[in-house]
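Residue-level listing of the chains:
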Amino acid sequence: MPAVSAIEDQIGSLEGLPSHELKIAWRRLCRSEPPRCMPRDLMIRALAYRMQERAHGGLAPATKRKLRSLVAEIEAKGTGVFDPGIALKPGARLVREWARQTHTVIVLEDGFDYDGERYSSLTKIAAKITGAHWSGPRFFGIGKTTRPAAAADSADD
């Protein structure tokens, strides 16, 4: 069995530290006071992340910019504007009937398989099936979900 790295040892030891030592570690790693109401398990996870970040590097600058942009948008417009998009898992099958024929698409890691050919988007597959421009996700019925009007109204109260 390979030797455990120093960072893994340090992270593994966090669980056994008393709360006051976790707070000291927080001050050292984060250069700020630890949040007062943070549960112990969350503090351990946050410290472990920070230790890994220091050892292996943090998020890419582009990812940081995207996250800051999302936070600003949510703060300005509320959480209702946040749309994480559609997440299709590889292996999923999308089935649509069109012109009395059933069409099946298999989701791949890097695109889609339709009729034995690989495609980069559902829109290209929808165009092949229909001969016209369609939104691929809409054609296959995987568009955004909407809340019923009554639920949306009560959520705003």
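That block above? That's the structure.
Residues numbered from 1 in each chain as written. Predicted model: local features only at pLDDT ≥ 70, side-chain atom pairs only at ≥ 80, totals over all residues. Heavy atoms only, no water.

Colleague: Please explain helix H3 (residues 40-56) as it appears in this structure.
Modeller: Since one α-helical turn is 3.6 residues long, residues separated by three or four positions face the same way. With 17 residues, H3 should reach 24 Å at 1.5 Å per residue; the first-to-last C-alpha distance of 24 Å fits that figure. The complete set of buried residues in H3 reads Met43, Ile44, Leu47, Ala48, Met51 and Glu53. On its buried face, H3 is in contact with helix H1 (6-14) and helix H2 (19-30). Positive backbone phi, approximately 95°, marks Gly57, located one or two places after H3. (Helix = DSSP H or I, 4+ residues; strand = E, 2+ residues; numbered from the N terminus. Expected span 1.5 Å × (residues − 1). Buried < 20%, exposed > 50% of the residue type's maximum accessible area, 1.4 Å probe, protein only. Contact = heavy atoms within 4.5 Å.)

Colleague: Honestly, the nonpolar core in this entry has me stumped. Any pointers?
Modeller: Across soluble globular proteins, you tend to see nonpolar side chains buried next to one another. Of all hydrophobic cores here, the largest spans 13 residues; its most connected members are Leu94, Val105, Leu122, Ile125 and Phe140. Going through the elements one at a time, strand S2 (101-108), strand S3 (111-114) and helix H5 (122-130) are the ones with two or more residues in this core. Among the elements that take part in this core, H5 stands out by supplying 4 residues, more than any other. Setting aside chain neighbours within four positions, we find Leu122 in contact with Leu88, Leu94, Val105, Phe112, Gly136, Pro137, Phe140 and Ile142. Core analysis: the second largest hydrophobic core is formed by 11 residues, Leu14, Ala25, Leu29 and Ile44 among them. (Core = buried A, V, L, I, M, F, W, Y, C linked by side-chain atoms within 4.5 Å.)

Colleague: What is the right way to look at the packing of aromatic side chains in this model?
Modeller: Counted according to the given criterion, the structure contains 5 aromatic pairs. Relative to Trp134, the ring of Trp98 has its centre 5.7 Å away and its plane inclined at 85°; by these criteria the two rings are edge-to-face. Of this pair, Trp98 sits in strand S1 (residues 93-98) while Trp134 sits in the loop between H5 and helix H6 (136-139), placing them 36 residues apart in sequence. In this structure Trp98 comes out as partly exposed when scored by relative accessible area, which is 26%. Judged by centre distance (5.0 Å) and plane angle (85°), the ring pair of Phe139 and Phe140 falls under edge-to-face. Phe140 matches Phe139 in its accessibility class, with the two residues each being buried. Taken together, the ring pairs connect Trp98, Trp134, Phe139 and Phe140 into an aromatic cluster. The side chain of Arg96 reaches across the aromatic face of Trp134, ending 5.9 Å from its centre. Here the basic side chain of Arg96 rests over the ring of Phe139, its NZ or CZ set 4.3 Å away from the ring centre. (Phe/Tyr/Trp six-rings, centres within 6.5 Å; stacked < 30°, edge-to-face > 60°. Lys NZ or Arg CZ within 6 Å of the ring centre and 35° of its normal.)

Just geometry here; none of it tells us what the structure is for.
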